[in-house]
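Chain by chain, the residues:
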Amino acid sequence: MPALLGRALDLGATYRVPGAPGVSLTVAYAYGSGDPDPSGGIDRQFRQTGLHDNTYRYNGVEDFRYYGETLDPDLSNIEIFTAGIGIRPTPRSSIDLTYHRYRQNEATEDDIPGARIRAETNGESRDIGQGVNLILGYHEIEDVRLRAKFGWFFPGNAFDSQDDAFSVELGIERGF
């Protein structure tokens, strides 16, 4: 059994724009090491623990998958650049728009660990693709939470198939 020696980094910041109440800007970078040959004695691919859910909210009222609603990868053999803008039209509602740029750390022929999309990369390119997400949350009605999450993933050259993928999640929660 090879030894594990993976590395990871996940940094981000959200800035609340002064003079523009309820507007925020977010930038983030996440990195999980990869290994083109894990059977070489030392496996350098980072693996998440399995105790993660990769969800958060930047400055809005609704949690979302911060590595992308549609792709939603684990932090393993990947680099993710994220930029986002959020608006709080009211104290208990929000609109978040996020953009993600995905690259493999090492070009491999394999599934993307943890991803919701079940397509294998071709090992010829590190360019996984891009994603755009729109997250709406509305909690202004007492004991009711409304949410809508839309995701669009544009595959890059790491995939042989260039078909876009979409995700939609709608929800209503009623407290008693």
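In case you missed it, the structure is sitting above this.
## A word on the overall build of the chain
Looking only at helices and strands, the chain features zero helices and 11 strands. Projected onto the principal axes, the alpha-carbon positions of the chain cover approximately 55 × 35 × 30 Å. For the chain, the proportion of its 176 residues judged to be buried stands at 41%. For the chain, contacts bridging at least 24 residues in sequence account for 62% of all contacts bridging at least 6. Total accessible area on the chain is roughly 9,800 Å²; 55% of this is exposed by carbon and sulfur atoms.

## Quick look at a nonpolar patch on the surface
A grouping of Tyr15, Leu25, Ile85, Ile87, Ile95 and Leu97 is seen on the molecular surface, where their side chains present a nonpolar patch of about 510 Å² in accessible area. Secondary structure elements with two or more residues in the nonpolar patch: strand E7 (78-90) and strand E8 (93-103). The residue leucine 25 is located in strand E3 (residues 23-32) in this model.

## Considerations on the sheet that holds E7
Taken together, seven strands build an open sheet; the order of strands is E2-E3-E7-E8-E9-E10-E11 and the sheet is antiparallel. The open sheet terminates on both sides in strands that have one partner only, identified here as strand E2 (8-16) and strand E11 (165-174). The sheet shows a mean angle of 10 degrees between the axes of neighbouring strands, direction not considered. As defined by bridge partners, E2 adjoins E3 across nine bridges and the pair is classed as antiparallel. Looking across to E3, one finds that alanine 13 is bridged to valine 27.

## Here's the deal with the nonpolar core
Membership of the largest hydrophobic core comes to 18 residues, with the highest contact counts inside it found for Leu71, Tyr102, Ile128 and Phe153. Listing elements by their share of this core, those giving two or more residues are E7 and strand E9 (127-138). Not counting chain neighbours up to four residues away, the residues in contact with phenylalanine 153 comprise Thr70, Leu71, Tyr102, Ile117, Ile128, Gly129, Gln130, Gly131, Phe159, Asp164 and Ala165.

## Some thoughts on the pairing of E9
When E8 meets E9, the two strands line up antiparallel, connected through 11 bridges. Its bridge partner lying in E9, threonine 98 is registered against asparagine 133. Pairing analysis gives 10 bridges linking E9 to strand E10 (residues 144-155), with the strands arranged antiparallel. Residue pairing across strands places glycine 129 opposite proline 155, the latter belonging to E10. The antiparallel hairpin formed by E9 and E10 contains five residues in its connecting segment, where aspartate 143 sits at a positive phi of about 65 degrees.

## Some remarks on the layout of surface pockets
Taken as a whole, the largest pocket spans an internal volume of roughly 250 Å³. In this structure, the largest pocket is lined by 15 residues; those nearest its centre are Asp10, Gly12, Ala28, Tyr56 and Tyr58. Sort the elements by how many residues they give to the lining of the largest pocket and E2 lands first, with five residues. One number sums up the size of the second largest pocket: a volume of about 180 Å³. As for the second largest pocket, its lining consists of 13 residues, and the residues nearest its centre are Gln45, Asn77, Thr108, Asp110 and Asp111.

## Overview of the packing of aromatic side chains
Enumeration according to the criterion identifies six aromatic pairs in this entry. Where tryptophan 152 meets phenylalanine 154, the ring centres are 4.7 Å apart and the plane angle is 35 degrees; that geometry is what we call tilted. The partly exposed category is assigned to tryptophan 152, whose relative accessible area is 37%. With a relative accessible area of 27%, phenylalanine 154 lands in the partly exposed category. On the basis of an interplanar angle of 35 degrees and a centroid distance of 5.2 Å, the ring pair of tryptophan 152 and phenylalanine 166 is categorised as tilted. One end of the pair, tryptophan 152, is in strand E10; the other, phenylalanine 166, is in strand E11, with 14 residues separating them in the sequence. Here a set of aromatic residues connected by ring pairs shows up, and it is made of Tyr102, Phe153 and Phe159.

Cut-offs applied
Residues numbered from 1 in each chain as written. Predicted model: local features only at pLDDT ≥ 70, side-chain atom pairs only at ≥ 80, totals over all residues. Heavy atoms only, no water. Helix = DSSP H or I, 4+ residues; strand = E, 2+ residues; numbered from the N terminus. Buried < 20%, exposed > 50% of the residue type's maximum accessible area, 1.4 Å probe, protein only. Contact = heavy atoms within 4.5 Å. Areas by Shrake-Rupley, 256 points an atom, 1.4 Å probe, with all protein chains shown as cover. Patch = residues over 30% accessible without salt bridge, like charges linked within 9 Å, V, L, I, M, F, W, Y side chains within 5 Å. Salt bridge = Lys/Arg side-chain N within 4 Å of Asp/Glu carboxyl O. Pairing = 2+ DSSP bridges. Axes fitted to C-alpha atoms, helices over the stretch in contact; angles between N-to-C directions. Core = buried A, V, L, I, M, F, W, Y, C linked by side-chain atoms within 4.5 Å. 1 Å grid on protein atoms, 1.4 Å probe; cavity = no way out; pocket = protein on both sides within 12 Å on 5 of 7 lines; lining within 4 Å. Points joined across faces, edges and corners; volume = space filled by probe spheres on them. Phe/Tyr/Trp six-rings, centres within 6.5 Å; stacked < 30°, edge-to-face > 60°.

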